[in-house]
Amino acid sequence: MIPDPKQQVRRGYDRLSTLYRADEGAPAEYLGWTRELLARLVPGSEVLDLGCGCGVPVARSLAAAGHQVTGVDFSEVQLGRARRLVPEADFICADMAELRRAPESFDAIVCLYAIIHLPLEEQPGFLARLATWLRPGGWLLLTAGDRAWTGSQPDWLGGGTPMWWSQANLEAYRAWVRAAGLVITDESRVADGPVTHSLFWARRGAGTEVASS
């Protein structure tokens, strides 16, 4: 493992924030997932967006629909943009693996392409904690790894800055989500250039106890 991989992630997003996502950037898959989430939420839902980046398009779309959105990201540059682009939402600068929230605080949690920036050993406990933050019936929308791999790119996005990832395989994430006490309602693979990720829709059942960590 490289020294301090989390700081490499933070620096990468600080330096290449706009290259990664423009102010009006709205990848089609994000828009589709957000529309599907909106269809599942009741008015005024409380949603946690982990690894929210600059807030576009997920936090912005949810806030525009009248939901109460809290975004969490490790990059101050990303969050500075998010506060400007989505003033209706609340944003917190934090290592999401260290985040703590009261049980049953949210109707939905979104975590897109973010868990794979955590060291692998932190990921099962992270999923167990966030499951406790969901209210009964609440939704988790998660993109994770498809094949196990840990490593870095020295010239991420061609911007002259390194980036680091660590991910398990699909079967491990499936097991971790279920071990957290959530029911997987849909699972698919998402192509991202030469890389494939796994996508999960998972739900906390009404009256279901979830694992604690």
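Residues numbered from 1 in each chain as written. Predicted model: local features only at pLDDT ≥ 70, side-chain atom pairs only at ≥ 80, totals over all residues. Heavy atoms only, no water.

Q: Any chance you could explain the nonpolar core here in plain terms?
A: Across soluble globular proteins, you tend to see nonpolar side chains buried next to one another. If you look at the biggest cluster of nonpolar residues, it comprises 40 residues, and the most contacted ones within it are L50, I109, I115 and L142. Elements that contribute at least two residues to this core include exactly α1 (5-20), β1 (46-50), β4 (106-111), α5 (123-133), β5 (134-145), β7 (163-167), α6 (170-179) and β9 (195-203). Excluding its chain neighbours within four sequence positions, the residues that come into contact with L142 are C111, I115, L127, V177, S198, L199 and F200. (Core = buried A, V, L, I, M, F, W, Y, C linked by side-chain atoms within 4.5 Å. Buried < 20%, exposed > 50% of the residue type's maximum accessible area, 1.4 Å probe, protein only. Helix = DSSP H or I, 4+ residues; strand = E, 2+ residues; numbered from the N terminus. Contact = heavy atoms within 4.5 Å.)

Q: Would you explain helix α4 (residues 76-85) in this entry?
A: Q78, L79, R81, A82 and L85 are the residues of α4 that are buried. Buried residues of α4, seen end-on, are gathered within an arc of 160° and therefore sit on one face of the element. On the buried face of α4, the contacting elements are α1, α3 (58-64), β2 (68-73) and β3 (90-93). (Arc of directions from axis to C-beta.)

Q: Looking at this structure, I do not really get the packing of aromatic side chains. What am I missing?
A: The geometry of an aromatic ring pair is captured by the separation of the ring centres together with the interplanar angle, meaning the angle of the planes. Under the counting rule described, the total for this entry stands at nine aromatic pairs. Summarising the aromatic geometry, the rings of W33 and Y113 are spaced 6.3 Å apart at their centres and angled 35° between planes, so their arrangement reads as tilted. Residue W33 is located in helix α2 (residues 28-40), and its partner Y113 is located in the loop between β4 and α5; the two are separated by 80 residues in the primary sequence. Judged by relative accessible area, W33 falls into the buried class, the value being 8%. Relative to W165, the ring of W149 has its centre 6.2 Å away and its plane inclined at 40°; by these criteria the two rings are tilted. (Phe/Tyr/Trp six-rings, centres within 6.5 Å; stacked < 30°, edge-to-face > 60°.)

Q: Which parts of the structure should I look at to understand the sheet that holds β3?
A: Two orientations exist for strands paired in a sheet by backbone hydrogen bonds: parallel and antiparallel. Spatially, the seven strands line up as an open sheet ordered β3-β2-β1-β4-β5-β9-β8, and their pairing is mixed. Edge strands, defined here as strands with exactly one partner in the open sheet, are β3 and β8 (183-192). Averaged over all neighbouring strand pairs, the angle between strand axes comes to 15°, with direction disregarded. On top of the sheet, α4 reaches β2 and β3; it is set at about 170° to β3, its chief contact. (Pairing = 2+ DSSP bridges. Axes fitted to C-alpha atoms, helices over the stretch in contact; angles between N-to-C directions.)

Q: Hey, could you run me through the side chain of R81 in this one?
A: Locating R81 in the fold gives a position in helix α4. The contact partners of R81, leaving out residues within four places of it in the chain, are S17, T18, R21, A22, D23 and C54.

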